[in-house]
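# A structural walkthrough
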Amino acid sequence: MKTNPAELFVQAKLDSKLHLRPDADVNEIRRQLWEKFHTLSDRKKRKWMEKADLIDEENKSKAVAKKKTAGQKRKRNLQSKFNEPVKPHLSAYTIFSSEKLKALVNMPLAERMRQVSEMWKSQPLAEKSHYELLAAQNRRQYEFAMIQFKATLSMEELAEYERERVSNSKKGRKSDAAAQAAAAVAAAAAQNE
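Residues numbered from 1 in each chain as written. Predicted model: local features only at pLDDT ≥ 70, side-chain atom pairs only at ≥ 80, totals over all residues. Heavy atoms only, no water.

A separate point is the overall build of the protein chain. A count of helices and strands for the protein chain gives 10 helices and zero strands. Reading the helices (α) and strands (β) of the protein chain from amino to carboxyl end gives α-α-α-α-α-α-α-α-α-α. Residues counted as buried form 24% of the 193 residues belonging to the protein chain. In the protein chain, the share of contacts with a sequence separation of at least 24, taken over all contacts with a separation of at least 6, comes to 57%. Summing over all exposed atoms, the protein chain offers an accessible surface of approximately 13,900 Å²; the carbon and sulfur share of this is 56%. (Helix = DSSP H or I, 4+ residues; strand = E, 2+ residues; numbered from the N terminus. Buried < 20%, exposed > 50% of the residue type's maximum accessible area, 1.4 Å probe, protein only. Contact = heavy atoms within 4.5 Å. Areas by Shrake-Rupley, 256 points an atom, 1.4 Å probe, with all protein chains shown as cover.)

The next point concerns the side chain of Thr3. Counting through the fold element by element, Thr3 comes out in the segment before α1 (5-20). In this structure the side chain of Thr3 is engaged in a polar contact, spanning 2.6 Å, whose partner is the side chain of Asp56. The residues touching Thr3, leaving out its near neighbours within four places in the chain, are Ala52, Ile55 and Asp56. (Polar contact = N/O pair within 3.5 Å; in protein donor to acceptor, adjacent residues only side chain to side chain.)

Using the criterion set out here, one finds seven aromatic pairs in the structure. Judged by centre distance (5.1 Å) and plane angle (55°), the ring pair of Phe96 and Trp120 falls under tilted. With Phe96 in helix α5 (residues 92-103) and Trp120 in helix α6 (residues 109-122), this residue pair connects regions lying 24 residues apart in the sequence. Linked through ring pairs, Tyr93, Phe96, Trp120 and Tyr131 together constitute an aromatic cluster. Above the face of the Trp48 ring, Lys51 is positioned so that its terminal group lies 4.3 Å from the ring centre. (Phe/Tyr/Trp six-rings, centres within 6.5 Å; stacked < 30°, edge-to-face > 60°. Lys NZ or Arg CZ within 6 Å of the ring centre and 35° of its normal.)

Counting across every chain of the model gives eight salt bridges. With a closest N to O distance of 2.6 Å, Glu35 and Arg31 form a salt bridge. Highlighted residues: Glu35 and Arg31, both in helix α2 (residues 26-39), separated by four residues, approximately one helical turn. Across the salt bridge formed by Arg114 and Glu118, the nearest N and O atoms sit 2.5 Å from each other. Separated by four residues within a single helix, Arg114 and Glu118 lie in helix α6, roughly one turn from each other. Exposure remark for Arg114: the relative accessible area of 39% places this residue in the partly exposed category. What you see here is one network of salt bridges that share partners, running through Lys2, Asp53 and Asp56. (Salt bridge = Lys/Arg side-chain N within 4 Å of Asp/Glu carboxyl O.)

With that out of the way, let us pick up the nonpolar core. Ala6, Leu8, Phe9, Val10, Leu14, Ala24, Ile29, Leu33, Phe37, Leu40, Trp48 and Ala52 together form the largest nonpolar core, which totals 12 residues. For this core, the secondary structure elements donating two or more residues are α1, α2 and α3 (42-66). Discounting residues that sit within four places of it in the chain, Leu8 has contacts with Trp48, Lys51, Ala52 and Ile55. Grouped together as the second largest cluster of nonpolar side chains are nine residues, Phe96, Leu101, Trp120 and Ala135 included. (Core = buried A, V, L, I, M, F, W, Y, C linked by side-chain atoms within 4.5 Å.)

On to the packing of α5 against helix α7 (residues 125-152), then. For the pair α5 and α7, interaxial distance at closest approach is 8 Å and the crossing angle is 105°. Of the possible angle classes, the one that applies to α5 and α7 is roughly perpendicular. On α7, the residues touching Ala92, Ile95, Phe96, Glu99 and Lys100 of α5 are Lys128, Tyr131, Glu132, Leu134, Ala135 and Asn138. (Axes fitted to C-alpha atoms, helices over the stretch in contact; angles between N-to-C directions. Parallel < 35°, antiparallel > 145°, perpendicular 65-115°, else oblique.)

On the surface, a cluster of positive charge is contributed by Lys13, Lys17, Arg21, Lys36, Arg43, Lys44, Arg46, Lys47 and Lys51. Looking at the positive patch, the elements with two or more residues in it are α1 and α3. No other element matches the five residues that α3 contributes to the positive patch. Turning to its location among the elements, Lys47 is positioned in helix α3. A relative accessible area of 43% means that Lys47 is categorised as partly exposed. (Patch = residues over 30% accessible without salt bridge, like charges linked within 9 Å, V, L, I, M, F, W, Y side chains within 5 Å. Lys, Arg positive; Asp, Glu negative; His and termini not counted. Charge placed at Lys NZ, Arg CZ, Asp CG, Glu CD.)

Taken by themselves, the reported measurements are silent on function.
Below you can see the structure in the form of structure tokens.
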């Protein structure tokens, strides 16, 4: 919802007016302040409009930061249910951007992302190769952790894990054929034991 500059003005002035006249009617003071806002010069109104726009930008960036996608929630459920290892940043750019975004905190997210993108493009190949090595190391560590994780699961748990993992993926939501195949393989393996 867009912040109303007149309402912002009224809220800012209301406490001081009530402090001066504690016995006054709040609605009457609000009405007077509302009328006063509309008699302000254009320059002063513009000041309140800019404040309202800043509040809207701040609220918008907070909302974007809080928003979680359904895929992120499903992945988090798998991690908590099966104690699956957390997947690290697996590309050089995501490692670079996560480092740089921490330093750029006093600006809107879109501007921060644009700046990080420009920084990445201007990085020399030697710097980029450093991040490529980190990404390769992350991938190897994650693959090893996943092998260890899957080794700790029983055949039934592994079948359930694979079924949920596939059904939570985008491909799996389109078709559960892979999940059914994984479950059939696990069931056949369990019968052979």
